[in-house]
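Residues per chain, in single letters:
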Amino acid sequence: MLNAGTMGFFEALDELNSNAENVAFTVIEGEGYGEKALFSGGAAKYFSNDDGFLTAHAADLTACRETGVFDLAGSSVYGELIGHEKELIVCGAGHVSMPVIRIGKMLNFRTTVIDDRAQFAKNAEAAGADSVLCSPFHEALEKIRGGQDSYFVIVTRGHQCDGECLRAILEKPYAYLGMMGSNRRVQIVKEALAREGRDVTGLHAPIGLAIHAETPEEIAVSIMAEIIQVKNEKKNVTYPPNILRDILGKVHNPLPDPKALCTIVMKNGAAPRDVGAKMLCNVEGKTVGTIGGGCTEAWVTQCATAMLEENDPEPVLVHADLTADEAAREGEVCGGTLDVWVEAV
């Protein structure tokens, strides 16, 4: 079972404002070992120990603006810029939208599709969209807040609908805004919006990376590749929704207790996953998510299961070293070293 302190951290994490700057802290070495804190918009939202080390240094924590390990009064603290679940909003449910929906779901985006045609809306439901809004575009977009984790894809049936969507979306915060269309169609929409005094410099149009895509599936790949490129330019960390929901008991069949959360906190070399990658592991070695697979993940899983077998498991910092020679012996593609924080949840 989760202890009250740990549960409090993940509950607070789940309730964060997605449009605020959210930062989580964990002491991984030194005084305050294992303590956690959570800040949102520069204000403290949670401390695992109200009289502890992080509480005493709360004013210093507000200066953290990047993910990684830093020194705080002689202790090593891992800070994470926290993003929320990525939201993909697809305006239009035509032939390109269907593979966009499917790929978006594969990439763990919560997907919302808008179309004013009932049959097309049904097609979006069949493709696996989490939410489908069958109404005029401007009415449906009024129900969507937008935010720093919102990715808008405009693939409607014509430039009038494109303009309707753009006018609504440009009033919202967003991480990405792309519109499909020929150069001429894009230019018509841009000129109309420019005459209205609207700024469209952040618009990706024509949408997608230039990979000479032709089929709907290829176009969808180019669109989602561009979204991945934009998403990964931001160095924030998203708790995978399946992991956070499992920890909070919000899934139908959660991983059996006891379990541990494994987070990459430092990386050197060509490891497959970056700092912030997470994996949930239980005492039987069953996992949710991945920190890169291969020998490194197997070693971390072994350390996590050993920790969970203790009566009162303390968090551990696991160092995984897979040098070039070791990688070659084990048949690994990547080498490098990882430090992984393993904590019982």
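The protein appears in an unreviewed UniProt entry as Xanthine and CO dehydrogenases maturation factor, XdhC/CoxF family from Fretibacterium fastidiosum.

Participant: I would appreciate a short explanation of a negative patch on the surface in the present structure.
Facilitator: Negative charge collects at one region of the surface, where E309, E310, D312 and E314 lie side by side. Residue position: E314 is located in the loop between helix 11 (294-308) and strand 15 (316-322).

Participant: Would you take a moment to explain the packing of aromatic side chains for this structure?
Facilitator: The relation between two aromatic rings is expressed through the spacing of the ring centres and the mutual angle of the planes. Considering all chains together, one arrives at eight aromatic pairs under this definition. Seen in terms of ring centroids, F10 and Y239 are 6.3 Å apart; in terms of plane orientation they differ by 75 degrees. Their pairing is edge-to-face. Of this pair, F10 sits in helix 1 (residues 4-14) while Y239 sits in the loop between strand 11 (237-238) and helix 10 (241-247), and the two are 229 residues apart along the sequence. Relative accessible area serves as the criterion here: at 1%, F10 is assigned to the buried category. Y239 sits in the buried class, given a relative accessible area of 7%.

Participant: Sorry, what's going on with the pattern of salt bridges here?
Facilitator: Between side chains of opposite charge, pairing is possible as soon as their charged atoms come close. Tallied over the entire structure, the rule returns 16 salt bridges. R245 is the salt-bridge partner of E85, the closest N and O atoms lying 3.0 Å from each other. With a gap of 160 residues between them, E85 in the loop between strand 5 (75-83) and strand 6 (87-91) and R245 in helix 10 connect regions that are remote in the sequence. Here R245 falls in the partly exposed class, since its relative accessible area comes to 35%. Here R198 makes a salt bridge to E196, at a shortest N to O gap of 2.8 Å. The exposure class of E196 is partly exposed, given its relative accessible area of 40%. Overlapping salt bridges, with partners in common, bring together R167, E171, E196 and R198 in one network.

Participant: Looking at this structure, I do not really get the pairing of strand 7 (residues 110-114). What am I missing?
Facilitator: Looking down a regular strand, the side chains alternate between one sheet face and the other. Judged by how many residues are buried, strand 7 sits mostly within the fold: four of five residues are covered. Relative to strand 7, strand 6 runs parallel, the two sharing five bridges. When the sheet's bridge partners are listed, C91 is paired in strand 7 with I114. For the crossover from strand 6 across helix 4 (residues 97-106) to strand 7, the handedness is right-handed. Note: strand 7 against strand 8 (residues 131-133), three bridges, orientation parallel. Paired with T112 across the bridge in strand 8 is S131. Handedness of the crossover is the feature at issue here: the chain leaves strand 7, passes through helix 5 (residues 118-126), returns alongside strand 8, and the resulting connection is right-handed.

Participant: How should I be thinking about empty space enclosed by the protein in this particular structure?
Facilitator: Empty space among the atoms can be located by rolling a probe the size of a water molecule over them. Across all of its chains, the model carries one cavity of 30 Å³ or more by this definition. Quantified by volume, the largest cavity comes out at close to 80 Å³. T26, K36, Y78, E80 and Y239 are the residues nearest the centre of the largest cavity, which is lined by 13 residues in total. Among the elements that take part in the lining of the largest cavity, strand 1 (residues 22-29) stands out by supplying three residues, more than any other. Broken down by class, the residue content of the lining of the largest cavity amounts to seven nonpolar, two polar and four charged.

Rules used in this analysis
- Residues numbered from 1 in each chain as written.
- Predicted model: local features only at pLDDT ≥ 70, side-chain atom pairs only at ≥ 80, totals over all residues.
- Heavy atoms only, no water.
- Patch = residues over 30% accessible without salt bridge, like charges linked within 9 Å, V, L, I, M, F, W, Y side chains within 5 Å.
- Areas by Shrake-Rupley, 256 points an atom, 1.4 Å probe, with all protein chains shown as cover.
- Salt bridge = Lys/Arg side-chain N within 4 Å of Asp/Glu carboxyl O.
- Lys, Arg positive; Asp, Glu negative; His and termini not counted.
- Charge placed at Lys NZ, Arg CZ, Asp CG, Glu CD.
- Helix = DSSP H or I, 4+ residues; strand = E, 2+ residues; numbered from the N terminus.
- Phe/Tyr/Trp six-rings, centres within 6.5 Å; stacked < 30°, edge-to-face > 60°.
- Buried < 20%, exposed > 50% of the residue type's maximum accessible area, 1.4 Å probe, protein only.
- Pairing = 2+ DSSP bridges.
- Right-handed = clockwise from strand over helix to strand, strands pointing away.
- 1 Å grid on protein atoms, 1.4 Å probe; cavity = no way out; pocket = protein on both sides within 12 Å on 5 of 7 lines; lining within 4 Å.
- Points joined across faces, edges and corners; volume = space filled by probe spheres on them.
- Nonpolar A, V, L, I, M, F, W, Y, C, P; charged D, E, K, R; others polar.

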